[in-house]
Amino acid sequence: ARTPQTTATTGTPEADAPIRWERDGTGVVTLVLDDPGRSANTLHQGFVAALTAVAARAEAERETLRGIVVTSAKKTFLAGGDLTELIRIGPADAAVAFDTSMAVKRALRTIETLGVPVVAAINGSALGGGYELALACHHRIVLDAPGTRIGLPEVTLGLLPGGGGVTRAVRLLGITDALLKVLLQGTQYTPRGALENGLVHEVVTSPGELTERARAFIDAHPESHQPWDAPGYRIPGGTPSSPRFAAELPAFPANLKKQTGGAPYPAPRNILAAAVEGSQVDFATAQTIEARHFTELVTGQTAKNMIQALFFDLQSVNSGASRPTGPEPRPVRRVAVLGAGTMGAGIAYACARAGIDVVLKDVTADAARAGKAYSERLLDKALARGRTTGEQRDALLARITPTADAADLAGCDAVIEAVFEDTALKHAVFQEIVKVVAPDALLCSNTSTLPITLLAEGVERPADFIGLHFFSPVDRMPLVEIVRGGRTGEGALARAFDLVRQINKTPIVVNDSRGFFTSRVIGRFLNEGVAMIGEGVPAASVEQAAAQAGYPAKVLSLMDDLTLTLGRRIREETRRAVEAAGGTWTGHPADAVVDRMADEFHRPGRAGGAGFYDYAEDGTRTGLWPGLAEHFGRPDHQVPFADIQERMLFAEALDAVRCLEEGVLTSVADANIGSIMGIGFPAWTGGVLQYINGYEGGLPGFAARARELAARYGDRFTPPALLVTKAERGERFGAEQQRTG
Ligand code: NAD
């Protein structure tokens, strides 16, 4: 529905224009961003054309204009670039990408140099292109509403702000602050945070005040210019040629390396270059430099990977593509969390934070209280940082009831079990509580290794029983892997999905299998790293390769943290299960290394004080164990660095294909999101399956490289049939969003 135009509108804008021109009797024009037929305003081609048109009109009517207010009639102010368009831009479209970036810049530049005051009345989130538009205004006022965010998060999708955002942020804040506070991390600020960090000028608390203050600015500043257009303007903090700044500059490449671990993330590098180069030239030249760096990123593969996974796949996963459509959502009111250890305590916090009453049960009341104390600590920290209020803290804590008495679980409509990893214990625990909780309560286990179908055998109502695999630390890890057992009903799956969304986590849905999807696939990564030690590859090379591939944790250090004994226990359980089912157990070259490390060298991992690394008394890593070279090293055996790196990435990607083939995974989006958000598969790849799509030469290129690795390092790299077939048919994994013509 379109709101009627205000008084004395001049001209008749096109009925379907995404920007309305509303001029009042006092000569103030309100530009209302309100793209018809779309839920949010984005900078698609049509919108850019409209922006160009209003800029031209403002210029034509300049003499009679008293001021301009830019605001939006949507929930968000302006969402930024249109990702469905951006992901389709291929290397052949570089000229179009460059021209579009320049067109946005020209329109914004026209508006900011009219000489009349221009105010951004930011009524909702202004991220990316939205904040770039606001930056081109002389005054920025933001309405303080929950969920409103301000910033330039382009870097998180492998891009840079190409609508003048780099150029203006540098001129507004200085190079250092622009880079560290805004551009390189893509921080999204609350309205108050944006004010404190100098991104906006005012924060107001009501829509009426937003309009009023915008008017007041126009009345008080009949002429307005940007600070950077004033004579004698200097970039705050100096430019690279000034001695003060020159002293800071060398720290930047090191910071970048710290941010990316040396992995192939081109965006931070281009942002740094655009900021530094652009600071030493005039505004117009800086804009052209920015457009070039933008074009390089938007036509490249990394941005496509990141947009595909972190925008489209994430949206698909969260919107419930894997949720059965029948069952009506029924929000959980009271949840029983069984076991108040590491995981139970974190799960209790996450549920209470979402407004759910939690009964936290452990064997003793003290243990349960200790579990609740974890929430207290998190909240006290948040309070100290101003991220919560005392009232919110107390309310959240009041929702958690610690207990050792099963009777207190009466009325719970969902159960999440997180006791020790032991089948018999889990069965006993469910038996104890199943008659106490609501008769149709959803029954979830947070097991990380026990097959859900097997666990369900000892649980009454197996149709209501499902795996809910959280990651540690629960308060920070956004993913939950929902594991559907052989007898799990559709209703339980839908309720589990809704519960995960209710607590603001991202659900992926997988079918039961040993290690489900995430633990199984990360196991391939760990095994591959360890296997290379067995071949005599220097441990430092293995660790460096993992870091440079973009893994957040190096492979041997992660293995140490998880302990080698855990890996061995899971291996033994799997072996027994395979053999019991009449299969043959093949094992992995890593097994022999793990066995020697644990049995011969007594180095079971960090918890045992020694593993692939040495540890100080307090558990800090002091360095790789020199014994690795002595006992495993083979200086004559050379494995190319590219192979070391790709063996880890391929081991995971190939197993994800097998998961898809076996029906463990039912969607590509689940695989990509689960791998990035759950197990640290490098984000630049767009996730395990997008990595294959984006590999040089596409699926055929990936399959050929897999065959090469198989010939050198073993059958586990042989491409699965699904990959081969898809490669032959010219298909890819998942949606076709990023196909270029
Ligand atoms: P933990 O040892 O920290 O906590 C287990 C808790 O369960 C202890 O507080 C213990 O007292 C309690 N408990 C034992 N018997 C109980 C009973 N009969 N009734 C109530 N409470 C009982 O273990 P954790 O790391 O929190 O793991 C719990 C579960 O979560 C395991 O199944 C584990 O495999 C799984 N998991 C762990 C992680 C992780 O990273 N730690 C990640 C995902 C899943």
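Residues numbered from 1 in each chain as written. Predicted model: local features only at pLDDT ≥ 70, side-chain atom pairs only at ≥ 80, totals over all residues.

Per an unreviewed UniProt entry, the protein carries the name Enoyl-CoA hydratase/isomerase family protein and comes from Streptomyces yaizuensis. The UniProt entry for the protein carries the following comment under Pathway (unreviewed entry): "Lipid metabolism; fatty acid beta-oxidation." In the Catalytic activity (unreviewed entry) part of its UniProt record, the protein is described as follows: "a (3S)-3-hydroxyacyl-CoA + NAD(+) = a 3-oxoacyl-CoA + NADH + H(+)". (UniProt positions renumbered as here; feature names shortened; annotations may be inferred.)

Participant: Teacher, can you tell me more about the overall build of the protein here?
Facilitator: Scanning the protein from N- to C-terminus turns up 30 helices and 18 strands. Against the 2.2 N^0.38 benchmark of 27 Å for 741 residues, the protein shows a C-alpha radius of gyration of 28 Å, consistent with a compact globule. For the C-alpha atoms alone, the extent of the protein along its principal axes is close to 85 × 65 × 55 Å. Residues classed as buried in the protein amount to 50% of the 741 residues present. Of the contacts made within the protein by residues no fewer than 6 positions apart, 72% connect residues no fewer than 24 positions apart. (Helix = DSSP H or I, 4+ residues; strand = E, 2+ residues; numbered from the N terminus. Rg over C-alpha atoms; globule rule 2.2 N^0.38 Å. Buried ≥ 20, exposed ≤ 12 C-beta atoms within 10 Å, placed from the backbone. Contact = placed C-beta atoms within 7 Å.)

Participant: What am I meant to see in the pairing of strand β10 (residues 357–361) here?
Facilitator: The buried fraction of β10 is high, at four of five residues. Two strands pair when backbone bridges link them, and strand β9 (residues 334–338) and β10 are joined in this way by five bridges, in the parallel orientation. Along β10, the bridge assignment pairs L338 with K361. The pairing of β10 with strand β11 (residues 400–403) spans four bridges and is parallel. Looking at β11, one finds that V359 is bridged to T401. (Pairing = 2+ DSSP bridges.)

Participant: Sorry if this is basic, but what is going on with the sheet that holds strand β8 (residues 202–204) here?
Facilitator: Two strands in a sheet stick together by hydrogen bonds in their backbones, pointing the same way (parallel) or opposite ways (antiparallel). With mixed pairing, the six strands of this open sheet are ordered in space as β1-β2-β3-β4-β6-β8. In this open sheet, the two strands that pair with only one neighbour each are β1 (19–23) and β8. Mean inter-strand twist for the sheet, computed between neighbouring axes without regard to direction, equals 20°. When strand β6 (residues 139–143) meets β8, the two strands line up parallel, connected through three bridges. The residue of β8 that forms the bridge with I141 is E202. On top of the sheet, helix α1 (residues 45–60) reaches β1, β2 (28–33) and β3 (67–72); it is set at about 20° to β1, its chief contact. (Axes fitted to C-alpha atoms, helices over the stretch in contact; angles between N-to-C directions.)

Participant: Can you walk me through unusual backbone geometry in this structure?
Facilitator: Backbone geometry follows two general trends: most residues other than glycine have a negative phi, and most peptide bonds adopt the trans configuration. Backbone torsion omega between S472 and P473 reads -5°, so that peptide bond is classified as cis. Along the chain, P473 falls in the loop between β14 (465–470) and β15 (479–484). A positive phi angle is found at T563, which is not glycine, with a value near 75°. On the basis of neighbour counts, which here come to 17 C-beta atoms within 10 Å, the residue T563 falls in the partly exposed class. Its identity as a non-glycine residue notwithstanding, H602 has a phi of 50°, on the positive side. Take H602: it is sitting in the loop between α24 (590–600) and β17 (613–615). C-beta crowding within 10 Å serves as the criterion here: with 10 such atoms nearby, H602 is assigned to the exposed category.

Participant: For this particular structure, what's the right way to read helix α6 (residues 175–183)?
Facilitator: An α-helical turn contains 3.6 residues, so any two residues separated by three or four positions project in the same direction. Those residues of α6 that fall on the buried side of the exposure criterion are I175, A178, L179, V182 and L183. What you see down the axis of α6 is that its buried residues fit within an arc of 120°, all on one side. Contact partners of the buried residues in α6: β7 (150–151), α5 (165–173), α9 (243–248) and α11 (266–279). (Arc of directions from axis to C-beta.)

Participant: Can you help me understand the UniProt feature "domain: 3-hydroxyacyl-CoA dehydrogenase NAD binding" (unreviewed entry) in the protein in this one?
Facilitator: In the numbering used here, UniProt assigns the "domain: 3-hydroxyacyl-CoA dehydrogenase NAD binding" (unreviewed entry) feature to residues 335–512. Each end of residues 335–512 is marked by a C-alpha atom, and these two atoms are 24 Å apart; helix forms 39% of the span and strand 22%.

Participant: Even after reading the chapter, I still don't get the site of the ligand, so can you show me in this structure?
Facilitator: For the ligand, the set of nearby residues contains 23 residues, the closest of which are G339, G341, M343, S448 and S472. Counting only elements with at least two residues in the shell around the ligand, the list comes to α14 (342–353), α17 (423–433) and β14. For the shell around the ligand, the leading source of residues is α14, giving three residues. When grouped by side-chain class, the residues that make up the shell around the ligand number eleven nonpolar, nine polar and three charged. (Near = placed C-beta within 6 Å. Nonpolar A, V, L, I, M, F, W, Y, C, P; charged D, E, K, R; others polar.)

Participant: It is not clear to me how the nonpolar core should be interpreted in this structure. Could you clarify?
Facilitator: As a rule of thumb, soluble globular proteins bury nonpolar side chains together. Ranked by size, the top nonpolar core spans 227 residues in total, and within it L183, V415, I482 and A496 carry the most contacts. Every residue in contact with A496, bar those within four places of it in the chain, is listed here: L442, C444, I466, L468 and I482. (Core = buried A, V, L, I, M, F, W, Y, C linked by C-beta atoms within 7 Å.)

Participant: Help me understand the packing of helix α26 (residues 641–662) against helix α29 (residues 698–713) in this model?
Facilitator: If you want to describe how two helices pack, look at the angle between their axes and the distance between the axes. Look at α26 against α29: their axes get within 11 Å of each other, and the N-to-C directions meet at 110°. On the basis of their axis angle, the class for α26 and α29 is roughly perpendicular. Seen along the crossing, α26 lies across α29 with a hand that is left-handed. Residues D643, E646, R647, F650 and L654 of α26 touch α29, and the partners they reach there are A706, L709 and Y713. A breakdown of the residues in the contact of α26 with α29 according to their chemical character gives five nonpolar, no polar and three charged. (Parallel < 35°, antiparallel > 145°, perpendicular 65-115°, else oblique. Left-handed = near helix turned anticlockwise from the far one by under 90°.)

Participant: For this particular structure, what's the right way to read the UniProt feature "domain: 3-hydroxyacyl-CoA dehydrogenase C-terminal" (unreviewed entry) in the protein?
Facilitator: In the numbering adopted here, UniProt assigns the feature "domain: 3-hydroxyacyl-CoA dehydrogenase C-terminal" (unreviewed entry) to residues 515–615. For residues 515–615, the helix share is 64%, the strand share is 3%, and the end-to-end C-alpha distance is 29 Å.

Participant: Looking at this structure, how should I read the sheet that holds strand β16 (residues 506–511)?
Facilitator: Within the open sheet, the eight strands sit side by side as β11-β10-β9-β12-β13-β14-β15-β16. Their pairing is mixed. The open sheet has two edge strands, β11 and β16, and neither has a second partner. Shown here is a sheet whose adjacent strand axes are inclined to one another by a mean of 25°, direction ignored. Against the sheet, helix α15 (residues 365–384) engages β10 and β11, with an angle of about 155° to β11.

Participant: Sorry, what's going on with the packing of helix α20 (residues 518–535) against helix α27 (residues 668–679) here?
Facilitator: Put simply, α20 and α27 touch, their axes get as near as 10 Å, and they point 70° apart. By the angle between their axes, α20 is roughly perpendicular relative to α27. The handedness of the crossing between α20 and α27 is right-handed. Residue-level contacts link T518, V521 and I522 of α20 to G674, S675, G678 and I679 of α27. Here the contact of α20 with α27 is composed, by residue class, of three nonpolar, four polar and no charged.

Participant: Honestly, the environment of K75 in this entry has me stumped. Any pointers?
Facilitator: Secondary-structure assignment places K75 in the loop between β3 and α2 (83–86). A C-alpha to C-alpha distance of 7.8 Å links K75 and S125, two positions 50 residues apart in sequence.

Participant: Hey, could you run me through the environment of D35 in this one?
Facilitator: With respect to the helices and strands, the residue D35 is situated in the loop between β2 and α1. Assessed through the 22 C-beta atoms surrounding it within 10 Å, D35 is described here as buried. Between the C-alpha atom of D35 and that of I19, which follows or precedes it by 16 residues, the distance is 6.7 Å. Not counting the four nearest positions on each side in its chain, D35 is found in contact with P18, N41 and F47.

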